[in-house]
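Tertiary structure, described
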Amino acid sequence: MLMTGQDQEQVIINELFKSHSRQRSALIPILQALQVGHGYISEFAMQYIADCLNIHAAEVYGLATFYHFVNTRPKGKFIIRLSRDMSSMMKGAKVVARQLENDLGIRFGETTPDGMFTLEWTSCIGMNYQAPAMMVNNEVFSNLTAPRVHRIIEDCRQEFSSHRPTVGNVSETYSNTTTYSSYKVNAALTKAVTMTPAAVIAELTASGLRGRGGAGFPTGMKWGLAAAAKGDRKYIVCNADEGEPGTFKDRIILGKHADMVFEAMTVAAYVVGSREGIVYLRYEYSHLRPHLDSVLTARRQANLLGDGILGRPGFDFDIRIHMGAGAYVCGEETALIESLEGRRGEPRNRPPYPAERGFNNCPTVVNNVETLASACCILDRGAKWFASMGTDRSKGFKLFSVSGDCSHPGVYELPWGITVDQLLDTVGGKGAKAVQVGGYTGQLVPARQFDRKIAYEDLGIGGSIIIYGQDRDMLQVAENYLEFFIEESCGQCTPCRDGNVKLLEGVRLLQSGKCSNRYLNDLVSLSETIQLTSKCGLGQASPNVVVALNTHFKEEILARPVLGN
Amino acid sequence: MPSETCIAEAGTVTVEPDVQMVTATIDGIALEVPSGTTILEAARTIGVHIPTLCHHEDLRPAGVCRICVVGVEGMRTLQTACTTPITQPITVSTNTKAVRTARRHIVDLMLANHYGDCYACKRNNNCELQALAKEYGVDFFRFGHPTEPKYPIDRTSSAIVRDMNKCVLCRRCVRTCNEVQGVGCLTVKDRSARSQVATFGDKPLSSVVCINCGQCINRCPTGALSELDQTDEVWAMLDDPTKHVVIQTAPSPRAAIGECFGQPAGTSMTYQLNTALKRMGFDAVFDTNHSADLTILEEGTELILRLHSALVKRDNAVALPQFTSCSPGWVKYVEHFYPEMIPNLSTAKSPQQMLGALLKTYYAEKNGIDPKDMVVVALMPCTAKKFECNRPEMCDSGFKDVDFGLTTREMAKMISESGIDLPNIPKSDFEMPFQDASGAGQIFGATGGVMEAALRTVIEMVTGQKVEKFFDRANIVPVRGIEGARMAEITITEVGPVPEILKHLVPDWEWLRGVTLKVGIAHGTVNARRVVEDIKAGGPFSECHFIEFMACPGGCLGGGGQPIPTNAEIRAKRAKAIYDLDEAYAVRKSHENPIVLQLYREFLTDGPCGHQSHHLLHTSYTPRGKFIS
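Now for a look at the structure at hand. (Residues numbered from 1 in each chain as written. Chains lettered and ligands numbered in written order. Predicted model: local features only at pLDDT ≥ 70, side-chain atom pairs only at ≥ 80, totals over all residues. Heavy atoms only, no water.)

**Focus: the overall build of chain B**
Within chain B, the secondary structure is distributed over 19 helices and 18 strands. In summary, chain B has a C-alpha radius of gyration of 26 Å against a globular reference of 25 Å for 629 residues, a match within 12%. In terms of overall dimensions, chain B has a C-alpha envelope of 80 × 60 × 55 Å along the principal axes. In chain B, which comprises 629 residues, the share counted as buried stands at 64%. (Helix = DSSP H or I, 4+ residues; strand = E, 2+ residues; numbered from the N terminus. Rg over C-alpha atoms; globule rule 2.2 N^0.38 Å. Buried < 20%, exposed > 50% of the residue type's maximum accessible area, 1.4 Å probe, protein only.)

**Some thoughts on the packing of helix α6 (residues 231–239) of chain B against helix α13 (residues 408–417) of chain B**
Residues and elements named next belong to chain B. Viewed as axis vectors pointing N to C, α6 and α13 meet at an angle of 50°, and their least axial separation amounts to 10 Å. In terms of their interaxial angle, α6 and α13 are classed as oblique. Between α6 and α13 lies a crossing whose hand is right-handed. Across the interface between the two elements, T231, V234, W235 and L238 of α6 pack against E410, K413, M414 and E417 of α13. In terms of residue class, the contact of α6 with α13 is built from four nonpolar, one polar and three charged. (Axes fitted to C-alpha atoms, helices over the stretch in contact; angles between N-to-C directions. Parallel < 35°, antiparallel > 145°, perpendicular 65-115°, else oblique. Left-handed = near helix turned anticlockwise from the far one by under 90°. Contact = heavy atoms within 4.5 Å. Nonpolar A, V, L, I, M, F, W, Y, C, P; charged D, E, K, R; others polar.)

**Here's the deal with the interface of chain A and chain B**
Every contact between the two is made by 50 residues of chain A and, on the other side, 51 residues of chain B. On the chain A side of the contact with chain B, A:Q47, A:H56 and A:Y61 bury the most area, a combined 15% of that side's loss. Put simply, chain A and chain B have six salt bridges between them. For the salt bridge of B:K203 with A:E43, the shortest nitrogen-to-oxygen distance reads 2.8 Å. Viewed at the interface, chain B and chain A are joined by 30 residue pairs in polar contact (both at pLDDT 80 or more). Counting residues per element, the ones that place at least two in the side of chain A that touches chain B are α3 (43–53), α4 (57–64), α19 (474–488), α20 (494–511) and α21 (517–533) of chain A. (Buried area = accessible area lost by both parts, 1.4 Å probe. Salt bridge = Lys/Arg side-chain N within 4 Å of Asp/Glu carboxyl O. Polar contact = N/O pair within 3.5 Å; in protein donor to acceptor, adjacent residues only side chain to side chain.)

**Considering the packing of aromatic side chains**
All told, the structure shown has 36 aromatic pairs over all chains when counted by the stated rule. When the ring of A:F386 is compared with that of A:F397, the centres are 5.8 Å apart and the planes differ by 65°; the resulting orientation is edge-to-face. Of the two residues, A:F386 is situated in helix α17 (residues 383–387) and A:F397 in strand β9 (residues 397–404); the sequence distance between them amounts to eleven residues. The same class applies to A:F386 and to A:F397, which are both buried. Taking the centre distance of 5.0 Å and the plane angle of 75° together, the rings of B:F286 and B:Y363 count as edge-to-face. With a gap of 77 residues between them, B:F286 in strand β12 (residues 284–287) and B:Y363 in helix α11 (residues 351–367) connect regions that are remote in the sequence. This pair shows no difference in class: B:F286 is buried, exactly as B:Y363 is. (Phe/Tyr/Trp six-rings, centres within 6.5 Å; stacked < 30°, edge-to-face > 60°.)

**Here's the deal with the sheet that holds strand β2 (residues 117–122) of chain A**
Residues and elements named next belong to chain A. Read across the open sheet, the four strands follow the order β2-β1-β3-β4; overall the sheet is mixed. Each edge of the sheet is formed by a strand with only one pairing partner; in this case those strands are β2 and β4 (139–141). Direction aside, the axes of adjacent strands within the sheet are offset by 25° on average. Pairing analysis gives six bridges linking strand β1 (residues 78–83) to β2, with the strands arranged parallel. Considered in β2, the bridge of I79 is made with T118. Strand contacts of helix α6 (residues 93–104): β1, β2 and β3 (134–136), with the helix running at about 160° to β1, the strand carrying the most contacts. (Pairing = 2+ DSSP bridges.)

**Regarding the pairing of strand β2 (residues 21–26) of chain B**
All names here are of chain B. Alternating positions in β2 separate cleanly, V22, A24 and I26 being buried on one face and M21, T23 and T25 remaining unburied on the opposite face. Strand direction decides the pairing type here: β2 and strand β3 (residues 29–34), joined by six bridges, are antiparallel. Residue A24 lies in a different strand from β3, and its bridge partner there is L31. Connecting β2 to the next strand, β3, in antiparallel fashion are two residues, including D27 with a positive phi near 50°.

**Comments concerning the nonpolar core**
Ranked by size, the top nonpolar core spans 136 residues in total, and within it A:I49, A:Y67, A:Y468, B:W330 and B:F549 carry the most contacts. For this core, the element with the highest residue contribution is α19(A), accounting for nine residues. Leaving out residues up to four positions away in the same chain, B:W330 has contacts with B:F323, B:T324, B:L345, B:A528, B:V532, B:F549 and B:A551. Ranked by size, the runner-up nonpolar core spans 72 residues in total, among them B:A364, B:F471, B:I492 and B:I521. (Core = buried A, V, L, I, M, F, W, Y, C linked by side-chain atoms within 4.5 Å.)

**As for the layout of surface pockets**
Residues and elements named next belong to chain A. Estimated volume of the second largest pocket: approximately 1300 Å³. Taken together, 45 residues form the lining of the second largest pocket, with Q32, Q35, V36, N138 and Y283 sitting closest to its centre. Sorting elements by how many residues they give to the lining of the second largest pocket places helix α2 (residues 27–38) first, with seven residues. The residue makeup of the lining of the second largest pocket, split by class, is 16 nonpolar, 20 polar and nine charged. (1 Å grid on protein atoms, 1.4 Å probe; cavity = no way out; pocket = protein on both sides within 12 Å on 5 of 7 lines; lining within 4 Å. Points joined across faces, edges and corners; volume = space filled by probe spheres on them.)

**Focus on a nonpolar patch on the surface**
All names here are of chain A. A contiguous nonpolar surface patch, about 280 Å² in accessible area, is contributed by F217, M221 and L225. Looking at where M221 falls in the secondary structure, it is placed in helix α11 (residues 219–228). When its relative accessible area of 45% is taken as the criterion, M221 is described as partly exposed. (Patch = residues over 30% accessible without salt bridge, like charges linked within 9 Å, V, L, I, M, F, W, Y side chains within 5 Å. Areas by Shrake-Rupley, 256 points an atom, 1.4 Å probe, with all protein chains shown as cover.)

**Concerning α4(A)**
Within α4(A), eight of the eight residues are buried, which leaves it mostly tucked inside the rest of the structure. Of the positions making up α4(A), those classed as buried are A:A57, A:A58, A:E59, A:V60, A:Y61, A:G62, A:L63 and A:A64. Buried positions along α4(A) lie against α2 and α3 of chain A together with α4 (172–180), β8 (186–189) and β9 (196–199) of chain B.

**Observations concerning the pattern of salt bridges**
All names here are of chain B. By the definition in use, this model includes 82 salt bridges over all chains. Of the charged contacts, one joins E393 and R391 as a salt bridge, the two residues approaching to 3.1 Å between their closest N and O atoms. We classify R391 as buried; its relative accessible area is 6%. Through salt bridges with shared partners, one network takes in E452, R456, R480, D582 and R588.

So, in structure tokens, the structure goes:
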């Protein structure tokens, strides 16, 4: 029988719906699955999928154009995405970019005429330790150099013609996650089920554990709120959308200690009374998926997931993995929930908070990967042990992803309360000009403040440390940050959407010596407005770098040589 | 700051008995509000002004423009007043340095992306962005101002023009299209500073699923959305001495156009408008209510025939419930979303099109005018009427039955251009032969009005009794109201003789004795969708015999061509004006309209749903579906 292209798409989509529910939350998974076979989502496919889900085609279009990893136009067989985070830039991403452009004969944003390669920039892919890095489709290649890039492209061509898949190449990341490494899997779960949910919450609260994603909300309280919230259905969501530039500790935890994350989710389910857990895994970490799936399968076989966990009737809980689609803002918990529901990842108005009304309007616990792993250790070794580390308001230890100008980048387990200086000592970063503490949304700390403590009392952070050496240009740093925030802003609220563009224009004016002091003051004032009025953490933190530039590095912007003269 | 105490007035904020009261202090003024009241609502009860832009009473709060930010004690960042509920005692300040600076910056940022000059904009003096700029004393463009347009203007639709250069991304249109209308034509595409209000695939409006209802225009704070302006074309016709230009006016614009001339909502301008139109050069002004009365007779007869086939002939193929077809937005909605339900749509044309067809035949013949030299203009509350009059099937007179559909706003502009002070000119009558109509035609403008008009006629025709016997002053209150979807039942306890006009169609009414007539009413397309889904699922609405559907909230009086702004309060006032006028009519039932009866005697001689009326007054529909290529 002759079939038109549309008939074929229809058949494929119908087939996909056999393994996906006809609910809106299946929208992104369906688009992703269709894209695997089909390369991109055609207009017909969007309309047909919309029809199947009983939503409007325009809604599917709005969603598809929101996420970076959903293609609404045909792209190359190999989509090369080069990470443009600051660590990559410092380690030669620009040279790699030039090599890619020259090798392929196209510019970024273009596809080769033969339809083989598409070249794009992408936000941080969690490979800062081995920067520069890029993705070729779902495979990651790190420690790139110009000659290596050339070989990778040649390999892609050859492997395509010989029908062999291209396999990524990532070397080991240095990590000293000693506490997690010494943890005996399932110690927390077996202990927790002998306790009442209230006792588990009390233990967590006593430990002083706060959310490790960056916002620092007390974890015990979050579980307590969700446990107290009314609702037949409750959800435990693991936020594995680790997108903060310079952060890769969650990747290490998921790679080495995935059991702990799933275990803590199971404990959370026991505490709040949930039957369904979801890991929201950023698309850039697709390479972790097979490993995570195998861990989940093993846990199901060991009766640690599924019905009657540990032989306890009624303790039913399972976990599924939901892939993100390339949007940093989905690390914000309400945006993440919107994304889970099959919508554009735009943060919600709060209240209500997710613990009260989250996924599908049900009480939902959203915890960062590291928070969950820490919860396991706390339940195993006791709140006292955990609280004995750190400072008054910052208890326990924390993983830091360290990259940039230092001799020993990697993931470090360190107690809260150490100074920036101490940290630089540990990682071989002495003599730095500035340190970005807490990723792009954190604080840019100048050398004269290296005695500041890394703790919620002072520099409370999500875990990313980027070290800038003496010859780094802070205006370039600011430009890179702002380009990132502009690209990753969801675009719903005015100050973040439009304000950051003005800040970036301002930084470029500074670079070219065309920004008056008066306008600079306007921009600093605008920065405060963006911080005060944006809906979510992304906007609220996006102008930090401009404020830091003005406060700490003013001599660098006022007396700089003008570009292009 | 002196501390005052006042209690939110009952009626401003509805107090449910079991809702807790919470104390709030706003700018030093303490007040008690029901828990869950937003800061914005609370502030309004004590006269504290908080600016808004993305907020609209008809829509769910979005909190995206951020202009309404206020300081809340204990919060690090400013909070949006429109989305923040007061659930525990709070202290709010709306006038601090941070708040003022932030609002000014937000206006500055919007202006930095808003292309266009105020004096070359339809919304000049009626623009929320312009008003905010004034409120915050904007005297220069702090963050620049675009000098070139970024996007081409989409003029492809026969009803709506989209100029995204003026869009400030408040998303009111998107929310209207999805929440209120359920059409889902508009969405937000892309992200970050690239995000933009868009149609599916960024296609021109004429080729996507749009029902032309224009509700997006009514909620647009700027000039980004407007109706396709045809005033110049109408002026050209008026200025052409060879043309005989006539106009028909619908009840809703007459009840609302005063708002464009500083009158409070709900001021009827019917007869001043007649004077104005004649001064502007229209050769004759007619009342669309006549064809509304005709619609009742045609659509009512069609219903009786359908019921007769179903109840007496036991014909299962008859499509019931019958849907009204006078709202062109609704008709296109059915064609797109429920093409399988097209048989349920009454084949009767809308009043605009019926009168158009009659003017170019009956009126032309009577007055010895060659219809090719005639221009029929319709003053409507509606943008979809522009699309409707351009439908290829609307040429039954042998010419385009209605040449131009003008919105209330376009007409207000033409009147201003003419230098006419509408509220203060003498009143005058409509022209013969379509002069004094009935109150039944009048209430077509309000939700439930078509149903009430139909029932007045059906009850009298079937029972042979005065409707006043069953309903005080012929006000069929059960079908009135504002609920988005509602039902009413009327049991026919007695039957009378079949009136002359219907004798050739049914022999007697005995088959209707004891039958309970079930009717439904839906307004706002999202409610229409609910009703149709309910019918398809075999729910209560599937038992209805007749359902009135209006695409726009509130019915025509809330139409997409009506003066801006619109909200529930304004719609209620317009509705009151319409119902008050109905009561003032001497004739309040369509079948008693002497002109309509004369028409059936002289012109449509084979009666309602007869051959001639089928030719001129009925139409067919086009299954369109949702898929576009």
